[in-house]
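These are the residues of each chain, in order.
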Amino acid sequence: MCGRTACSLGADSLRRACAYRDRQGQHRQPEWVRGEWYQPSYNKGPQSSGPVLLSRRHLHQDADSSERVLMDMRWGLVPSWFKQDNPSKLRFNTSNCRSDTMLSKSSYKGALLKGQRCVVLADGFYEWQQQSGGKQPYFIYFPQTKDTMDKGTEGNEEWKGWRLLTMAGIFDCWEPPWGGEMLYTYTIITVDASKDVSFIHHRQVTAGKGVAGMPAILDGDEAIRKWLDFAEVPTQEAVKLIQPTENIVFHPVSTFVNNIRNNTPECVAPIELGAKKEVKATPSNKVMLGWLKSSQEGSPQKKENDLPRWTSQFIHSPSPKKTSADVLQQWLGKQGQPVVKKRKA
């Protein structure tokens, strides 16, 4: 499952990090809807709010379905058909939606078939490995290119900052029975953990029957476009994008992140296993360590340009994207055996 994320970029930087090209090839940045509600955080959990991308047509029927907007939504989907007067009375957990049941469970099926697809944005997500002495947290994210900058770029220039993790989600809109403001909520679709991160899970992952242990990650703008453009890409085609990916990297972090109230850069800072109390100072992480020592409480509310620099310790050359076993082939009536990936030597 995906139960904790980080998204530390400020609202304006988030727009620039989500820049895309429209149907005419024009460079655009998504506009914010309720952007004043957005709060950056190094430690987001279910029931908190977070940024998602969606098609503008969901909000304006005459809009081009390829246009994107940013919206701050609550994590944990509340179905539109829920009749209670308080969404907190929902008796089941909807923060994650398993890919193999999303077309059958009533909580998600209706919204998915109506095209209510979104992309959940994060610096990365946390996962815990069960060990004899407790649980060890890891931070998982996209590989970053060598020209990644600590401070993105200004204005409409191409974004050179941290590459956001883009996770496939489903959203819905719930209206209180007595009327009032609509509540937008989302769930993150999960798939079987890829081979590279399956060791983090204490249960063994087997082909086709593994634990749905990681978010469905959309790797690249073409995948994002197809997932969001519900008017051009029908559900039957969009669900083919929901597959495990191996284009991710990770590092261990302190158990400091275990407490949801802890919300500082220390949550994502790497540690050396066996030396958890203090991160060893190396040339590649001295910049981050210096920032961490001088940071104050409530650091996500600091100015955007004060965000910690991710140094070469966390910069990786992108690896070629690999194919994965498609658990949705059976739904679509396709034939063929799932592809079994070889573990790296």
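What you see is a predicted model; the values in this text were computed from it and never measured.

**Remarks on unusual backbone geometry**
Line of reasoning, step 1. With phi around 60°, arginine 34 is a residue other than glycine that occupies positive phi space.
Line of reasoning, step 2. Looking at the secondary structure, you find arginine 34 in the loop between strand 4 (31-33) and strand 5 (41-44).
Line of reasoning, step 3. Non-glycine residue glutamine 47 carries a positive phi angle of around 80°.
Line of reasoning, step 4. As for its position among the elements, glutamine 47 is in the loop between strand 5 and strand 6 (49-55).

**Quick notes on the confidence of the model for the protein chain**
Line of reasoning, step 1. Per-residue confidence for the protein chain averages 79 on the pLDDT scale, and 73% of its residues sit at or above 70.
Line of reasoning, step 2. Across the protein chain, the element-wise mean pLDDT spans from 41 in helix 5 (residues 286-294) up to 98 in strand 9 (residues 117-122).

**Regarding the packing of aromatic side chains**
Line of reasoning, step 1. Evaluated as defined, the whole model comprises 8 aromatic pairs.
Line of reasoning, step 2. Here tyrosine 126 and tryptophan 128 contribute two aromatic rings whose centre-to-centre distance is 6.3 Å and whose plane-to-plane angle is 45°, an arrangement assigned as tilted. Note on accessibility: tyrosine 126 and tryptophan 128 belong to one class, buried.
Line of reasoning, step 3. Measuring from ring centre to ring centre gives 5.1 Å for tyrosine 126 and phenylalanine 139, while their planes differ by 45°; the resulting arrangement is tilted. One end of the pair, tyrosine 126, is in strand 10 (residues 124-131); the other, phenylalanine 139, is in strand 11 (residues 134-141), with 13 residues separating them in the sequence. Taken individually, tyrosine 126 and phenylalanine 139 each receive the classification buried, so the pair is uniform in this respect.
Line of reasoning, step 4. Aromatic ring contacts, followed pair by pair, group Tyr126, Trp128, Phe139, Tyr141 and Trp162 into a single cluster.
Line of reasoning, step 5. Of note, arginine 117 hangs over the ring of tryptophan 227, and the distance from its end group to the ring centre comes to 5.4 Å.

**Re the state of the cysteines**
Line of reasoning, step 1. Per the counting criterion, the structure on display carries 0 disulfides.
Line of reasoning, step 2. Take cysteine 7: it sits in no disulfide, and the sulfur closest to it among the cysteines is that of cysteine 18, at 8.2 Å.

**Here we look at the sheet that holds strand 10**
Each strand in a sheet pairs with its neighbour through backbone hydrogen bonds, running either in the same direction (parallel) or in the opposite one (antiparallel).
Line of reasoning, step 1. The antiparallel open sheet is built from 5 strands, whose spatial order is 5-1-10-11-15. For this open sheet the edge positions go to strand 5 and strand 15 (249-252), each flanked by a neighbour on one side alone. Averaged over all adjacent pairs, the angle separating strand axes in this sheet is 30°, with direction ignored.
Line of reasoning, step 2. Taken together, the 7 bridges between strand 10 and strand 11 define a ladder with antiparallel strand orientation. Paired with glutamate 127 across the strands is tyrosine 138, a residue of strand 11.

**What about the pattern of salt bridges?**
Line of reasoning, step 1. For the structure shown, the criterion picks out 15 salt bridges.
Line of reasoning, step 2. Residues aspartate 12 and arginine 16 are paired through a salt bridge, measuring 3.4 Å at the closest nitrogen-oxygen approach. Of this pair, aspartate 12 and arginine 16 both sit in helix 1 (residues 11-17), 4 residues apart, which is roughly one turn of the helix.
Line of reasoning, step 3. A residue is classified by how much of its surface remains accessible, and aspartate 12, at 36% relative accessible area, is partly exposed.

**Quick notes on the pairing of strand 11**
Line of reasoning, step 1. Burial within strand 11 is extensive, with 6 of its 8 residues counted as buried.
Line of reasoning, step 2. Counted between consecutive antiparallel strands, the loop separating strand 10 from strand 11 contains 2 residues.
Line of reasoning, step 3. Alignment of strand 11 against strand 15, held across 4 bridges, turns out to be antiparallel. Its bridge partner lying in strand 15, tyrosine 141 is registered against valine 249.

**Comments concerning helix 3 (residues 221-228)**
Line of reasoning, step 1. Regarding helix 3, the residues found buried are Ala223, Ile224, Trp227 and Leu228. Considered in projection along helix 3, the buried side chains sweep an arc of 125° and stay on one side of the axis.

**Thoughts on helix 2 (residues 106-113)**
Line of reasoning, step 1. Of the residues making up helix 2, those classed as buried are Ser107, Tyr108, Ala111 and Leu112. All buried residues of helix 2 lie within an arc of 100° about the axis, which places them on one face of the element.
Line of reasoning, step 2. Packed against the buried residues of helix 2 are strand 8 (96-98), strand 9, strand 12 (165-174), strand 13 (183-191), helix 3 and helix 4 (235-238).
Line of reasoning, step 3. At the C-terminal side of helix 2, glycine 115 shows a positive phi close to 85°.

**Some thoughts on the environment of arginine 16**
Line of reasoning, step 1. The class for arginine 16 is buried, based on a relative accessible area of 7%.
Line of reasoning, step 2. Distance in space between the C-alpha atoms of arginine 16 and lysine 160 is 9.4 Å, their sequence separation being 144 residues.

The rules behind these values
- Residues numbered from 1 in each chain as written.
- Predicted model: local features only at pLDDT ≥ 70, side-chain atom pairs only at ≥ 80, totals over all residues.
- Heavy atoms only, no water.
- Helix = DSSP H or I, 4+ residues; strand = E, 2+ residues; numbered from the N terminus.
- pLDDT = per-residue confidence, 0-100.
- Phe/Tyr/Trp six-rings, centres within 6.5 Å; stacked < 30°, edge-to-face > 60°.
- Buried < 20%, exposed > 50% of the residue type's maximum accessible area, 1.4 Å probe, protein only.
- Lys NZ or Arg CZ within 6 Å of the ring centre and 35° of its normal.
- Disulfide = S-S within 2.5 Å.
- Pairing = 2+ DSSP bridges.
- Axes fitted to C-alpha atoms, helices over the stretch in contact; angles between N-to-C directions.
- Salt bridge = Lys/Arg side-chain N within 4 Å of Asp/Glu carboxyl O.
- Arc of directions from axis to C-beta.
- Contact = heavy atoms within 4.5 Å.

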